[in-house]
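Residue-level structural notes
Given next are the chains, with one letter for each unit.
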Amino acid sequence: MKTLLCALLALCLAPARARPGEVTLSGLLDTKASFVPVAGPEADRFSFGFEEYANLRLKTDAGEYITFHAACNLIAAAGIPARTAEAIGASGSSALLSTNFVAGENYAAALELERLYCRITRGALDVDAGLMRLAFGYGTVFSSSDYLNPRNPLFPDARPRGVLGISAAYYPEVPGGSGGTDIKVQTFAAAPRNPLDGSGRGALFGALGECHWDAASLQGMYHFEAPDRGSGYGVHRAGLSVKTDAVIRRRLSSDIIIGLTLDALYQYNHEALTGIDGLSVSAGADYSFYDGKWYVAAAYLFSGRESTTSRIRTPAGFANRHYLYALCRYHFTDYTRAGLHGIAGFDDLSFTPVATVEHEVFQGFTLSLTCQVPLDRDLFTGNGKRGEFGPLPPDAAEGAYARITLKALLRL
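The structure reproduced in this document is the subject of the present report. As the structure is a computational prediction, the values presented were derived from the model and not from experiment.

**Description of the side chain of Ser145**
Along the chain, the position of Ser145 falls in the loop between strand S6 (125–132) and strand S7 (163–170). Those residues within four positions of Ser145 in sequence are excluded, and the remaining contacts are Phe136, Gly137, Met221, Asp263, Ala264 and Leu265.

**Examining the packing of aromatic side chains**
Aromatic ring pairs are reported here in terms of the distance separating the ring centres and the angle at which the planes meet. Summed over all chains, the structure comprises 13 aromatic pairs. Within the aromatic cluster, the residues linked to one another by ring pairs are Tyr287, Phe289, Tyr290, Trp294, Tyr330 and Phe332. When the ring centre of Tyr65 is taken as reference, the NZ or CZ atom of Arg122 above it lies at 4.2 Å. A cation over a ring is seen here: Arg237 above Tyr147, with NZ or CZ 4.4 Å from the ring centre.

**What about the pairing of strand S14 (residues 294–303)?**
Bridge count for strand S13 (residues 279–289) against S14 is ten bridges, and the pairing is antiparallel. Across the sheet, Gly284 pairs through a bridge with Ala299, a residue of S14. The hairpin formed by S13 and S14 contains four residues between the paired strands, and Tyr290 there has a positive phi angle of roughly 55 degrees.

**Brief notes about the side chain of Ser34**
Within the secondary structure, Ser34 sits in strand S1 (residues 23–39). Beyond its immediate chain neighbours, meaning those up to four positions away, Ser34 contacts Ser47, Phe48, Gly49, Ile80, Ile404 and Thr405.

Cut-offs used in this document
Residues numbered from 1 in each chain as written. Predicted model: local features only at pLDDT ≥ 70, side-chain atom pairs only at ≥ 80, totals over all residues. Heavy atoms only, no water. Helix = DSSP H or I, 4+ residues; strand = E, 2+ residues; numbered from the N terminus. Contact = heavy atoms within 4.5 Å. Phe/Tyr/Trp six-rings, centres within 6.5 Å; stacked < 30°, edge-to-face > 60°. Lys NZ or Arg CZ within 6 Å of the ring centre and 35° of its normal. Pairing = 2+ DSSP bridges.

Structure (structure tokens):
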């Protein structure tokens, strides 16, 4: 794997004239420093973290109908992110994770393959094969349908993971002319989550259909996960995702256009007797006004305990059922903006507000300062009722009273 990654990096850095066809190289460099006042009886009073992260992406034509895509991540970390990587490796969730990071004199480093696939386009048919991104649904804050890359609004910079598989998409012509309507039919297959399992247990197969109109889009899907430990009959997933623009007519001024999304996925496992706990539903709305200077958004999530957004099913999931997210952002100029967003859990009455200030120093280079402040009932009353988004979540040995992050982002 390391040999393959080195070869990919050399290919990315080689002169463009040395390769046939048109080559596009892009990416980003992310420099981040973090400061955390630590919560916990046996924890250090303060923790610091430093991370240098680069994502390099390459795209080139490999013939009249074939496009080659590749991407790799370069990471150097110390403090908080290095300790997090060590904890993941020590968890034993994969025999490969412990070898992902290599320790240096004062840092831990990793070289990670993110994408490696080819796309064949012929008429109305697209075929992708390799390590690629499989995205489902239209959720913008929560991702009930996009369970291969579950999102958490507290970590918006998390990179979508790739899966090893094959996908075929067909775009049929609409009878009688397009009329502003586009249709897509897609099928796919993906390898099991455990890369060391050669039995095929847990392999993923699915199909979806999409229809796009001028003001709305609709996606329906069905996925089947082959039988594995804990799912002797396999896992069935069926979902529906919708996005549209709602127009509110006004007489004396321009119309108000509100973006609406609904994303639902039901996961059924016969052995777990899933029931209503297999359902995950998110709904959101967003609105921009005063010539785009103000932007507001809100979203709600219901996460069943056996659903795709539950922490039981994914480490990035949620521990309870009902959540609300809100965002307000103001653009002072085209280059400077500030925002306040947060997520609240209704079940345990915990809340984490996040304040962010961003400034684009020049084109492609942005500085940002972010501060998260976890809050729950125990913080104010000391009654021991700790919440999921509080300073010290239940069953956690260590937490944080705040997370302050300074980041410099350079787009290549």
